[in-house]
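# Geometric and topological summary
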There are 2 protein chains.
Amino acid sequence: MKQTSTKDVKFTTVFQKLANRLPVSDDTVSETALTILREVRKEGDRAVIRYTKKWDRLDITPATMRVSEKEIQAAYRDVPSDVVKSLRYAANRILAFHRRQKVSGWTILKDGVNLSQRVHPIERVGLYVPGGKAAYPSSVLMNAIPAKVAGCKEICICTPAQEGIINPATLVAADIVGISEIYRIGGVQAIGALAYGTKTIRPVYKIVGPGNQYVAAAKRLVFGQVDIDMIAGPSELVIVADENATPSYLASDLLSQAEHDEEAVVVLITPSETLVKNLLPEMKRQQENLPRKKIIAASLKKHGLIIITYDLAEAVGLANEIAPEHLSLFVKNPRRYLKQIVNASSVFLGEDTPQSLGDYIAGPNHVLPTGGTARFFSPLSVDDFIRKSSVTEYSRAALKKSGHHLIRIAEMEGLTAHANMVKIRVGS
Amino acid sequence: MKQTSTKDVKFTTVFQKLANRLPVSDDTVSETALTILREVRKEGDRAVIRYTKKWDRLDITPATMRVSEKEIQAAYRDVPSDVVKSLRYAANRILAFHRRQKVSGWTILKDGVNLSQRVHPIERVGLYVPGGKAAYPSSVLMNAIPAKVAGCKEICICTPAQEGIINPATLVAADIVGISEIYRIGGVQAIGALAYGTKTIRPVYKIVGPGNQYVAAAKRLVFGQVDIDMIAGPSELVIVADENATPSYLASDLLSQAEHDEEAVVVLITPSETLVKNLLPEMKRQQENLPRKKIIAASLKKHGLIIITYDLAEAVGLANEIAPEHLSLFVKNPRRYLKQIVNASSVFLGEDTPQSLGDYIAGPNHVLPTGGTARFFSPLSVDDFIRKSSVTEYSRAALKKSGHHLIRIAEMEGLTAHANMVKIRVGS
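About the thresholds
- Residues numbered from 1 in each chain as written.
- Chains lettered and ligands numbered in written order.
- Predicted model: local features only at pLDDT ≥ 70, side-chain atom pairs only at ≥ 80, totals over all residues.
- Heavy atoms only, no water.
- Helix = DSSP H or I, 4+ residues; strand = E, 2+ residues; numbered from the N terminus.
- Buried < 20%, exposed > 50% of the residue type's maximum accessible area, 1.4 Å probe, protein only.
- Contact = heavy atoms within 4.5 Å.
- Areas by Shrake-Rupley, 256 points an atom, 1.4 Å probe, with all protein chains shown as cover.
- Lys, Arg positive; Asp, Glu negative; His and termini not counted.
- Charge placed at Lys NZ, Arg CZ, Asp CG, Glu CD.
- Buried area = accessible area lost by both parts, 1.4 Å probe.
- Salt bridge = Lys/Arg side-chain N within 4 Å of Asp/Glu carboxyl O.
- Polar contact = N/O pair within 3.5 Å; in protein donor to acceptor, adjacent residues only side chain to side chain.
- Nonpolar A, V, L, I, M, F, W, Y, C, P; charged D, E, K, R; others polar.
- Pairing = 2+ DSSP bridges.
- Least-squares fit on C-alpha atoms with pLDDT ≥ 70 in both.
- 1 Å grid on protein atoms, 1.4 Å probe; cavity = no way out; pocket = protein on both sides within 12 Å on 5 of 7 lines; lining within 4 Å.
- Points joined across faces, edges and corners; volume = space filled by probe spheres on them.
- Phe/Tyr/Trp six-rings, centres within 6.5 Å; stacked < 30°, edge-to-face > 60°.
- Lys NZ or Arg CZ within 6 Å of the ring centre and 35° of its normal.
- Axes fitted to C-alpha atoms, helices over the stretch in contact; angles between N-to-C directions.
- pLDDT = per-residue confidence, 0-100.
- Core = buried A, V, L, I, M, F, W, Y, C linked by side-chain atoms within 4.5 Å.
- Parallel < 35°, antiparallel > 145°, perpendicular 65-115°, else oblique.
- Left-handed = near helix turned anticlockwise from the far one by under 90°.

So, on to the overall build of chain A. When helices and strands are counted, chain A shows 16 helices and 14 strands. Dimensions of chain A, computed from C-alpha atoms along their principal axes, come out at roughly 85 × 55 × 45 Å. Out of the 428 residues in chain A, the part that is buried amounts to 62%. When contacts within chain A are restricted to residue pairs at least 6 apart in sequence, those whose partners lie at least 24 apart make up 74%. With an accessible surface of roughly 16,200 Å², chain A has 51% of that area assigned to carbon and sulfur atoms. Looking at charge distribution, chain A has the averaged site of its 55 positive side-chain charges lying 5 Å from that of its 44 negative ones.

Turning to the interface of chain A and chain B, a few remarks are in order. Facing 124 residues of chain A, the contacting portion of chain B comprises 124 residues. With both sides pooled, the region where chain A packs onto chain B buries about 11,400 Å², and carbon together with sulfur makes up 57% of that total. Counting across the chain A and chain B interface gives 10 salt bridges. Arg425(B) is the salt-bridge partner of Asp253(A), the closest N and O atoms lying 2.9 Å from each other. Summed over the shared surface of chain A and chain B, the number is 63 residue pairs in polar contact (both at pLDDT 80 or more). Class assignment for the residues of the side of chain A that touches chain B results in 62 nonpolar, 33 polar and 29 charged. One ladder, built from 3 bridges, connects strand E13 (residues 346-349) of chain A with strand E14 (residues 386-394) of chain B; its direction is parallel. Within E14(B), the position partnered with Val347(A) by the bridge is Val391(B).

Right, let's talk about the relation of the copies chain A and chain B for a bit. When chain A is fitted to chain B, the residual RMSD is 0.0 Å, and the transformation amounts to a turn of 180° plus an axial shift of 0.0 Å. With respect to symmetry, the two chain copies, as superposed, fit the operation of a two-fold axis. Minimal C-alpha separation from the rotation axis in chain A is found for Arg220(A), amounting to 3.6 Å. When the interface residues of chain A are mapped onto chain B, 100% of them again lie at the interface, so the same face is used by both copies.

Turn by turn, an α-helix covers 3.6 residues, leaving residues three or four places apart pointing in a common direction. Three or more residues of helix H7 (residues 168-176) of chain A are buried, namely Ala169(A), Thr170(A), Leu171(A), Val172(A), Ala173(A) and Ala174(A). Looking at the buried residues of H7(A), the elements they touch are helix H4 (69-75), helix H5 (81-99), helix H6 (137-150), strand E5 (154-158) and strand E6 (181-183) of chain A together with helix H15 (396-412) of chain B. The residue sitting at the N-terminus of H7(A) and contributing the capping side-chain oxygen is Asn167(A); that oxygen lies 2.7 Å from the backbone nitrogen of Ala169(A). Backbone geometry just downstream of H7(A) places Gly178(A) in the positive-phi region, at approximately 85°.

With that settled, the discussion passes to empty space enclosed by the protein. In the structure shown here, the tally under the stated rule is 5 cavities of 30 Å³ or more. If you add up the space inside the largest cavity, you get close to 730 Å³. Around the largest cavity sit 35 residues that line it, and Asp383(A), Asp384(A), Lys206(B), Asp383(B) and Asp384(B) are the ones nearest its centre. One number sums up the size of the second largest cavity: a volume of about 60 Å³. Every residue lining the second largest cavity is listed: Gln117(A), Lys388(A), Ser389(A), Ser390(A), Phe97(B), Gln101(B), Pro364(B), Asn365(B), Ser378(B), Pro379(B), Leu380(B) and Ser381(B).

Two numbers describe a pair of aromatic rings. These are the distance of the centres and the angle of the planes. Under the criterion given, the structure shown has 11 aromatic pairs over all chains. Taking 4.7 Å as the distance between ring centres and 10° as the angle between the ring planes, the aromatic pair formed by Phe223(A) and Phe223(B) counts as stacked. One end of the pair, Phe223(A), is in the loop between helix H9 (213-222) and strand E8 (227-228); the other, Phe223(B), is in the loop between helix H9 (213-222) and strand E8 (227-228), on a second chain. Judged by centre distance (6.5 Å) and plane angle (25°), the ring pair of Phe376(A) and Tyr205(B) falls under stacked. In this pair, Phe376(A) is assigned in the loop between helix H14 (356-360) and strand E14 (386-394) and Tyr205(B) in the loop between helix H8 (187-196) and strand E7 (206-208), connecting two distinct chains. Between the NZ or CZ atom of Arg41(B) and the centre of the ring of Tyr196(B), over which it lies, the distance is 5.4 Å.

Moving on to the sheet that holds strand E7 (residues 206-208) of chain A. Residues and elements named next belong to chain A. Spatially, the 5 strands line up as an open sheet ordered E6-E5-E4-E7-E8, and their pairing is parallel. If you trace the sheet from one side to the other, it starts and ends with E6 and E8, each paired once. Judged from the 3 bridges that link them, strand E4 (residues 124-128) and E7 form a sheet pairing that is parallel. Across the sheet, the residue bridging to Gly 126 is Ile 207, located in E7. Where helix H8 (residues 187-196) meets the sheet, it contacts E4, E5 and E7, and its direction lies at approximately 175° from that of E4.

In this model, chain A carries an average pLDDT of 93, and 98% of its residues clear a pLDDT of 70 or more. Interface predicted TM-score (ipTM) for the complex: 0.94; the corresponding pTM is 0.93.

This brings us to the nonpolar core. The biggest cluster of nonpolar side chains holds 199 residues, and the ones touching the most others in it are Ile185(A) and Ile185(B). Here Ile185(B) is in contact with Val48(B), Thr52(B), Ile60(B), Met65(B), Cys158(B), Thr159(B), Pro160(B), Ala190(B), Ala193(B) and Ile201(B), once residues within four sequence places are set aside.

Attention shifts here to the pairing of strand E13 (residues 346-349) of chain B. Residues in a regular strand project their side chains so that they alternate between the two faces of the sheet. All names here are of chain B. Going residue by residue along E13, you find Ser 346 and Phe 348 tucked away on one face and Val 347 and Leu 349 tucked away on the opposite face as well. The pairing of strand E12 (residues 326-330) with E13 spans 4 bridges and is classified as parallel. By the bridge assignment, Leu 327 is partnered in E13 with Val 347.

With that out of the way, let us pick up the side chain of Thr198(A). Residues and elements named next belong to chain A. For Thr 198, the position within the fold is in the loop between H8 and E7. Among the polar contacts listed, one links the side chain of Thr 198 to the backbone nitrogen of Thr 200, at a separation of 3.1 Å. Those residues within four positions of Thr 198 in sequence are excluded, and the remaining contacts are Gly 44, Asp 45, Val 48 and Ala 193.

What follows covers unusual backbone geometry. Peptide bonds are, in most cases, trans, and in most cases residues other than glycine have a negative phi. Residue Asp111(A) is not a glycine yet carries a positive backbone phi of 50°. Along the chain, the position of Asp111(A) falls in the loop between strand E2 (106-110) and strand E3 (113-121). You will see that Asn333(B), though not glycine, has its phi angle at about 50°, which is positive. Secondary-structure assignment places Asn333(B) in the loop between E12 and E13.

Once that is clear, we can look at the pairing of strand E9 (residues 236-241) of chain A. Residues and elements named next belong to chain A. Burial analysis of E9 places 6 of its 6 residues in the buried class, which makes it a mostly covered element. Of the two faces of E9, the one carrying Glu 236, Val 238 and Val 240 and the one carrying Leu 237, Ile 239 and Ala 241 are both buried. Where E9 lies against strand E10 (residues 265-270), 5 bridges are found, and the strand directions are parallel. Across the sheet, Ile 239 pairs through a bridge with Leu 268, a residue of E10.

Moving on, we come to the environment of Lys388(A). Looking at the element boundaries, Lys388(A) is found in strand E14. The buried category is assigned to Lys388(A), whose relative accessible area is 13%. Distance in space between the C-alpha atoms of Lys388(A) and Leu37(A) is 29 Å, their sequence separation being 351 residues. Separated by 2.5 Å, the side chains of Lys388(A) and Asp383(B) make a polar contact.

Evaluation of the coordinates by the stated rule reveals 42 salt bridges over all chains. Arg50(A) serves as the salt-bridge partner of Glu43(A), at 2.9 Å between the closest nitrogen and oxygen. Note on Glu43(A): relative accessible area 26%, which makes it partly exposed. When the shortest N-O distance is used, the salt bridge between Arg408(A) and Asp82(B) registers 3.5 Å.

The next point concerns the packing of H8(B) against H9(B). If you want to describe how two helices pack, look at the angle between their axes and the distance between the axes. All names here are of chain B. Packing of H8 against H9 leaves a shortest axis separation of 8 Å and a crossing angle of 25°. Between H8 and H9, the angle falls in the class roughly parallel. For H8 against H9, the interelement crossing comes out right-handed. Side by side, H8 and H9 meet where Gly 187, Val 188, Ile 191, Ala 195 and Tyr 196 of the first sit next to Tyr 214, Val 215, Ala 218, Lys 219 and Val 222 of the second. Partitioned by chemical class, the residues of the contact of H8 with H9 number 8 nonpolar, 1 polar and 1 charged.

In structure tokens, the structure reads:
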């Protein structure tokens, strides 16, 4: 891990780079995605099948694209029953948190005017579940449960099956949340199929779920045609620690974050040089025993950073400016600093709250804004699967009383016919 | 207006075209937008100034890009005081409706686990206000008020000033809602300036407001870098009417919608052929006296459609399938049909509720999803200007009690270091 201090002359440069890591779209990736999307739009299943063969080395037909009910049930044979039990435990925790997010419509009735806001679920949504280096059944729970709570009638999953294999735990997780419409396709071709529809896959109204840069580019390109959740980037963890932090815990959290992939961002901010001195050998020791130690080493080298600050207040301020996906506070009385933190998407308080709780079982969603986008995006939630509408009803008397205001504004805007709508009913 | 009936053999074709009018992105427009965005990203103010000269025939400098406080105050001289009064009336109505949308954070505390959802305003947002054929001060109110209610600290406006002129009522509307940071720029260059920032304009975190197809394409392209509201398309009104509808009222509403621009979509759905017979001469009569009659004629010819249905239930069903921006119910007991309507963005009940109430003074937002996107987008609201975050805190005992579930799922996903975070604290 690189080290810097806020006293360094070069600190501002280093920090600016970190704070301004907002994803600027890669034009080459976008162009590739656009080509595939165009082919899926034009050729439907044929293009999906062609790209699935090309990228996933998998031969499918319209008949085998969808995972059969039998395959889903067979998956239970390959997942230990205590893992199934733990997935069910996680699902129930996630359900409890997301149920609290549900909102209802309301009405304001005053002076002959009746105004309502109504809430409707999005009727059909598609979940993208990455395959790739690791399989993530937890992703299925996190994406599907808010949609279920929102009341979406149809939820389907697309997940790439490199060389035909879908992790059985992914299928079990889908079954736990009640999804049976699963397609063994991924990448840009899956996003295209969900957005435009093919003969086999009916189009959805919203696509959610993380993916690689091609999936992200494709989602951005189909936005407007359908809704999407957010543009996912590499995972990030910032830890603010004071001198009381336990080096072994701290080390385990930093290593865990680096384990995701080589692009994972891991930052420690602390005023305590002693802590850093004790931390480094502990990290080295723990790292040796981890199966993914090569990925960890690469990630820490590329994006690992330790910042030594003047004091704790400065550390908290910097963490907020970074606007990270995950922020852990390894400090005494962590709640005291919460007010200053408005830009982190998911905050973990105290040493007894390892960040992986948020990945799996705590309840809040693990689909979170990255790359500084916590400044304007939210964790995936029930809100992402509803839409609202308005209802307006005026009495004749109410229209008569306020119509002149409308007439004045409409005429000033040059929209005479808009003014006429009122004039013809209640005079000017 | 074209006429069809659900009994026609060709009806399904006509209707499918209407129901599937979802905007497929125009690649040529996107390519133009991408070129301008790249130049703004690279050259900043220089590119903004160049394109403002090219498209708006306006010479600006970094010093004159921003509208001065003096100009804003001077605008009051050019707006009749009763129009100012009506804009204030509208602002207060919009404020009252949007205040009801505000949500608060919450906490679930159970068994040593403390989970919160927090709510934060987006700190800096940009509003795009179209200039062009007509000026829309009402747009300023509709975009700015939800942002103000959400608590956004900084709100700026970009609006094109063809040949230097910004409608004084637009400036007055901005002043009424308390916005003083206004730039006389529009088009793709304004979206680029807001997204990437220039020397003169600091970047925003979210861009909202309608615009032409270039503005829409640019917004889609910068999405991810910043958040955007939605992709706006031509305005739409569907009216469902029964035999009790008053032809003159109905005519005024259809004409008003057609007045927007030539791409405006105007659809009447009714089981009553008598109503249609009485409506057509009334439309002709009213149309003659309207200043924008040429636009109206073009719009009605291009996108005007009357559908004769078997009965009222069928009419309501079709209206819902169209998923229009605006839906008016000119029927007896309109509330009876509301339950069936889940896809219209803004619904107007009864003849005494002309749709223009929603454009100006009723209170609900007039920035609404079009093109069938009401199936997944919502009216602009306070929700668009907030973001949420989660907070998780476990006690040591709670971690000890549930940690084994986390360990099992993490190990099954191959993320050993994630499991270690718990093991190192509470054992396996």
